[in-house]
Amino acid sequence: MVNVVKLSVLQRSWSPILDLRLKGAPRSVAAGAACEPELAFSVAKEEGMDPIKEQWVEERGRRTVEKLKAHDFGAVYVKTKEEAEEEIWRHISDETTVGVGGSMTVRGLGVLAQLKARGNIVYDHWVPGISQEESTRIRKAQMACNLFLSSVNAVTVSGELVNIDGIGNRVNGTVFGPGKVILVAGYNKIVEDIQEGIRRAKNVVAPINARRLNIDVPCAKLGKCVDCNSPNRICRIVVIHERKPVLSDVLVILIGEELGY
Ligand code: SF4
């Protein structure tokens, strides 16, 4: 079994990013705090997808799932986000502690609100007004949770995962630590290869996130990456899962809807 995780970490100060994210972060759930309703803006759902397109999406999704399985990942294709939620609940008990990575896809699901209603402990750092120390504490707690729930920036049709991060907790959780990892992704995140995945992360995901969080980086204005050297640079760590990490139990749920970005 070959298990390779490539890490490329640029050594820069990340505190400006953290400050900006805390000021601009959407409302969500803190460990032990009240849960917010589902975020209405987080999902661009295609109503009444054309049947031919739907068939193409499903074929592409199922082919990708088979490649992921061949790379030791757990993987499943579902048509809707509701089916994805059903799959997620199969891995949660009343005692499960849940860490949540920075993911619009996950926040487009109803799982977080229901977890709080059940009384599960949820470690989520996207809470406005919390201190930097508290945010850091939650991010560290995510590393030792029972279930880490997050997304990916891209999934290749060959069965690899691409993730780019600024602080690192989101990618850390997918590599080692949590008892189980579930990564949820809409079909819009399926790409041909790793290079396309990285381009997607830097030219689609980063500019949108930078605008959403009001972070002063060039891509927020230009809508594309210029490989900046800004102190606010949000993409500093690239993690590519070529295979499932040896000691991590990773399930990828691919959804036949456009979710997140
Ligand atoms: S412009 Fe800077 S922050 Fe934006 S994607 Fe490129 S390197 Fe990242």
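If you're wondering where the values come from, they're calculated on a predicted model, not measured in any experiment.

## Notes on the overall build of the protein chain
A tally of helices and strands in the protein chain yields nine helices and 11 strands. Taking all 261 residues of the protein chain together, the buried fraction comes to 45%.

## Structural notes on the site of the ligand
Neighbouring residues of the ligand: 13 residues in total, closest A206, C219, C225, C228 and C235. Sorting the residues of the shell around the ligand by element identifies α8 (194–212) and α9 (218–222) as the ones contributing at least two each.

## Focus: helix α5 (residues 111–118)
Looking only at α5, the buried set comprises V111, L112, L115 and K116. The buried residues of α5 occupy an angular sector of 135 degrees when projected down its axis, which confines them to one face. Relative to its buried face, α5 has exposed residues pointing more than 90 degrees away, namely A117 and R118.

## Considering the environment of V106
Mapped onto the elements, V106 comes out in helix α4 (residues 104–107). On the basis of neighbour counts, which here come to 24 C-beta atoms within 10 Å, the residue V106 falls in the buried class. Between the alpha carbons of V106 and A185 there is a distance of 8.7 Å; along the sequence they are 79 residues apart. Contact partners of V106, with chain neighbours within four places excluded, come to V100, L149, S150, S151 and V184.

## Here's the deal with the nonpolar core
One finds I182, V252, I253, L254 and I255 to be the most contacted residues of the largest nonpolar core, which totals 61 residues. At six residues, the largest contribution of residues to this core is made by strand β11 (residues 250–255). If near-sequence neighbours (up to four positions away) are discounted, I182 is found in contact with I88, H91, L147, L149, L251 and I253.

## Remarks on helix α3 (residues 81–89)
Residues of α3 that are buried: K81, A84 and I88. Axial view of α3: buried residues confined to an arc of 50 degrees, hence all on one face. What points out from α3, more than 90 degrees from its buried face, is the exposed set E82, E86 and W89. Those residues of α3 that are buried lie in contact with β2 (74–78), α5, β8 (180–186) and β11.

## A word on the pairing of β8
Along β8, six of the seven residues are buried, which leaves the element largely enclosed by surrounding structure. By the bridge criterion, four bridges tie strand β5 (residues 147–150) to β8 in an arrangement that is parallel. Within β8, the position partnered with L149 by the bridge is I182. Pairing of β8 with β11 involves six bridges; the strand directions are parallel. By the bridge assignment for β11, A185 is matched with L254.

## As for the confidence of the model for the protein chain
Per-chain confidence: the protein chain averages 85 in pLDDT, with 82% of residues scoring 70 or above. Under a pLDDT of 50 for its full length, residues 1–45 has, in the predicted model, 91 contacts with residues more than four places off or in other chains.

## A word on unusual backbone geometry
Look at D72: it is not a glycine, yet its phi comes out positive at around 80 degrees. What makes D72 partly exposed here is the crowd of 18 C-beta atoms within 10 Å. Positive phi values are uncommon outside glycine, yet N214 reaches one of about 60 degrees. Structurally, N214 is set in the loop between α8 and α9. Here N214 falls in the exposed class, since 11 other C-beta atoms lie within 10 Å of it.

## So, the environment of I208
Position of I208 relative to the elements: it lies in helix α8. The partly exposed category is assigned to I208, around which 16 C-beta atoms lie within 10 Å. The sequence separation of I208 and A220 amounts to 12 residues, and the corresponding C-alpha distance is 6.9 Å.

## Looking at the pairing of β5
Side-chain alternation along β5 places L147 and L149 on one buried face and F148 and S150 on a second face that is also buried. Pairing between strand β3 (residues 98–100) and β5: three bridges, direction parallel. Bridge assignment links V98 to a residue of β5, and that residue is L147.

Rules behind the numbers
Residues numbered from 1 in each chain as written. Predicted model: local features only at pLDDT ≥ 70, side-chain atom pairs only at ≥ 80, totals over all residues. Helix = DSSP H or I, 4+ residues; strand = E, 2+ residues; numbered from the N terminus. Buried ≥ 20, exposed ≤ 12 C-beta atoms within 10 Å, placed from the backbone. Near = placed C-beta within 6 Å. Arc of directions from axis to C-beta. Contact = placed C-beta atoms within 7 Å. Core = buried A, V, L, I, M, F, W, Y, C linked by C-beta atoms within 7 Å. Pairing = 2+ DSSP bridges. pLDDT = per-residue confidence, 0-100.

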